[in-house]
Amino acid sequence: MCNDGTQANYYHQPGVSQGKIYLSLQGGGTCDSIQSCDQRCANTDLCTAQTDQEIQMDETFGGQMNDPFHDYWHVQVHYCSSDTWSGTKDASDETGGYHFHGKHIFDAVVQDLAENFNLLEATSIVLTGGSAGAQGVTFRCDDFADWVLAQNPSIDVRCMPNAPEYYPPEVHTEGCYTRDPGYQNYLTEFWGRVEDKSCMEFAQENGVENVGELCGVTANFAQFITTPLLILSSHEDSAFSHIFGCEPHPGTPEHDEFRTEWMAAHSELVMDLMSEFPEIAFFAPNCRIHGIGINQGITVKEDETGELVDLSTFITHWMSGDGTKSLHANDDVNVENPSCPSALN
């Protein structure tokens, strides 16, 4: 159920799957305290069920000449749990009366799709989402793939988070509360958050003290995801540099210095992942944006081929293989990308 106790819901294209399914988790931020949840739920529709019988579905690549998912059956899950699709906590005085059931909602949708819409007869399933939805993809990816493949090992299951919390954890201003060493553990407790199981097993086996920090931030736990994975993350995610970097006021020398440090650190994170886990695909433009799919004009040079590609082409290349070949487009942070939205305006 949603934060307010209403029954969660989802939308799908007419009919049932004919083989390919594009399963998208809606984004929309979080709340991390009773006060912030009160404010969120009073001013948005992201704490309650969506009552529209029909909606205009978000089609990231709709209308593009090279839409890699044009022949997929689309499913869009409404976000109403405020917990990056990870919560399992019932309403109580400790939560201010709010339910945090993001994981339960996801599991229920998957079960309904399996029972009523041929999920387990699919040939290909792509689990995707933007922002909080992207973070949900990274949390749920392996559990979802394991469940599907246990029942039909012939299905090609992949995960494509668009702007997950892939940011440089060490770059932030002094006193940034979201980078307090105990913040991620606090979220785990407040939401009843369930993280990637491989990361949790590693933490337990190796005596990791700050489990929330390791298994709650995508930049730290992406390495544990074994399902074919494509991460979309700009070098300067404008939302995360604010939320998790507490960046200085724009237009100041301090902000310019912060931006340089943030982008360089993000690029280094990407390069480290490319080196150690080349099977994880990555598209990282040098742009100040949050979420890449809606900005189809962005082009980045593929590391492996030297070809300048847009996101649709890059995804097509990723989908054409088994999802584990080395495929990366990592922009040079020292060179302005003229295709970025801000550069075009």
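For the structure, check the block above.
Here's what I pulled together on the structure shown here. The structure presented is a predicted model; accordingly, all values stated were derived computationally and were not measured.

**Re the overall build of the protein chain**
Right, so step 1: Of regular secondary structure, the protein chain possesses eleven helices and ten strands.
Right, so step 2: For 345 residues, the compact-globule estimate of 2.2 N^0.38 gives 20 Å, and the C-alpha radius of gyration of the protein chain, at 19 Å, lies within 12% of that figure.
Right, so step 3: Taking the principal axes of the C-alpha coordinates as reference, the protein chain spans close to 50 × 45 × 45 Å.
Right, so step 4: Out of the 345 residues belonging to the protein chain, those deemed buried represent 53%.
Right, so step 5: For the protein chain, the share of sequence-separated contacts (at least 6 apart) that also reach a separation of at least 24 residues comes to 76%.
Right, so step 6: Working note: accessible area of the protein chain is about 14,900 Å², and carbon and sulfur atoms make up 49% of it.

**Examining the nonpolar core**
Right, so step 1: Core analysis: the biggest nonpolar cluster contains 61 residues, and V77, L113, F144 and Y166 have the highest contact counts within it.
Right, so step 2: Apart from residues no more than four positions distant in its own chain, V77 is found in contact with N9, Y10, L23, S24, L25, Q26, W85, I105 and V109.
Right, so step 3: Among the nonpolar cores identified, the runner-up in size contains 23 residues, and Y22, L232, V300 and V309 belong to it.

**Some thoughts on the pairing of strand β3 (residues 73-77)**
Right, so step 1: Across the five residues of β3, five count as buried, placing the element largely inside the fold.
Right, so step 2: Where burial is concerned, the two faces of β3 agree: the one with W73, V75 and V77 and the one with H74 and Q76 are both buried.
Right, so step 3: Alignment of strand β1 (residues 10-12) against β3, held across three bridges, turns out to be antiparallel. Along β3, the bridge assignment pairs H12 with V75.
Right, so step 4: Relative to β3, strand β2 (residues 20-25) runs parallel, the two sharing five bridges. Opposite L25, over in β3, you have V77 as the bridge partner.

**A short note on the environment of V335**
Right, so step 1: With respect to the element layout, V335 can be found in the loop between β10 (328-330) and α11 (341-344).
Right, so step 2: Residue V335 is classed as partly exposed on the basis of its relative accessible area, which comes to 47%.
Right, so step 3: C-alpha of V335 to C-alpha of N286: the two residues are 49 residues apart in sequence and 8.0 Å apart in space.

**Looking at the pattern of salt bridges**
Right, so step 1: Inspection of every chain in the model, using the stated rule, returns eleven salt bridges.
Right, so step 2: D107 is paired through a salt bridge with K103; the nearest N and O atoms lie 2.8 Å apart. Placement of both D107 and K103 in helix α2 (residues 102-116) is noted, with a separation of four residues, approximately one turn of the helix.
Right, so step 3: Overall, D107 belongs to the partly exposed group, its relative accessible area being 33%.
Right, so step 4: Given a relative accessible area of 17%, K103 falls into the buried group.

**Re a negative patch on the surface**
Right, so step 1: Residues E170, E261, E268, D272 and E276 make up a contiguous surface patch of negative charge.
Right, so step 2: Here E268 falls in the partly exposed class, since its relative accessible area comes to 46%.

**Remarks on the state of the cysteines**
Covalent bonding between the sulfur atoms of two cysteines is what defines a disulfide.
Right, so step 1: What the rule picks out here adds up to seven disulfides.
Right, so step 2: The disulfide partner of C199 is C215, and the S-S distance across this bridge is 2.1 Å. When the S-S torsion is -90 degrees, as for the bridge of C199 with C215, the disulfide is left-handed. Here C215 lies in helix α6 (residues 211-216) and C199 lies in helix α5 (residues 197-205), a separation of 16 residues in the sequence. Here C199 and C215 have matching classes, each one buried.

**Considering the pairing of strand β4 (residues 124-130)**
Right, so step 1: Burial analysis of β4 places six of its seven residues in the buried class, the great majority of the element.
Right, so step 2: In this sheet, β4 lies alongside β2 in parallel orientation, the contact comprising six bridges. Across the sheet, residue K20 finds its bridge partner in β4, namely S124.
Right, so step 3: Here β4 runs beside strand β5 (residues 156-162); their pairing, made up of seven bridges, is parallel. Bridged to T128 within β5 is M160.
Right, so step 4: Handedness of the crossover is the feature at issue here: the chain leaves β4, passes through helix α3 (residues 132-151), returns alongside β5, and the resulting connection is right-handed.

What counts and how
Here the residue index of a chain counts from 1 through its sequence in written order. Reporting of local features is limited, given that this is a predicted model, to residues whose pLDDT is at least 70; pairs of side-chain atoms are given and counted only at 80 or more, and all residues count toward the totals for whole chains, interfaces and linings. The basis for every side-chain value is the complete set of non-hydrogen atoms in the structure, without hydrogens or water. Numbered from the N terminus, helices here are DSSP runs of H or I no shorter than four residues, and strands are runs of E no shorter than two. The globule rule is 2.2 Å times the number of residues to the power 0.38, and the radius of gyration it is compared with is taken over C-alpha atoms. Here the term buried applies to any residue with accessible area under 20% of the maximum for its type, exposed to any over 50%, and partly exposed to those in between, with areas from a 1.4 Å probe on protein chains only. Contacts were defined at the residue level, with two residues in contact if any of their heavy atoms lie within 4.5 Å. The method behind every accessible area is Shrake-Rupley, applied with a 1.4 Å probe, and residues are considered shielded solely by the protein chains displayed. For this analysis, a nonpolar core means a set of buried residues of the types Ala, Val, Leu, Ile, Met, Phe, Trp, Tyr and Cys, connected via side-chain atoms within 4.5 Å. Two strands pair under a simple rule: DSSP has to find at least two bridges between them. Salt bridges are counted wherever a side-chain nitrogen of Lys or Arg sits within 4 Å of a carboxyl oxygen of Asp or Glu. The patch calculation keeps residues exceeding 30% relative accessible area without a salt bridge and links them within 9 Å when they carry like charges or within 5 Å when they are nonpolar (Val, Leu, Ile, Met, Phe, Trp, Tyr). Neither His nor the chain ends is counted toward charge; the positive residues are Lys and Arg and the negative residues Asp and Glu. We put the charge of a Lys on NZ, of an Arg on CZ, of an Asp on CG and of a Glu on CD. Note on terminology: pairs of cysteine sulfur atoms within 2.5 Å are recorded as disulfides. When the strands point away from the viewer and the path from the first strand over the helix to the second turns clockwise, the crossover is right-handed.

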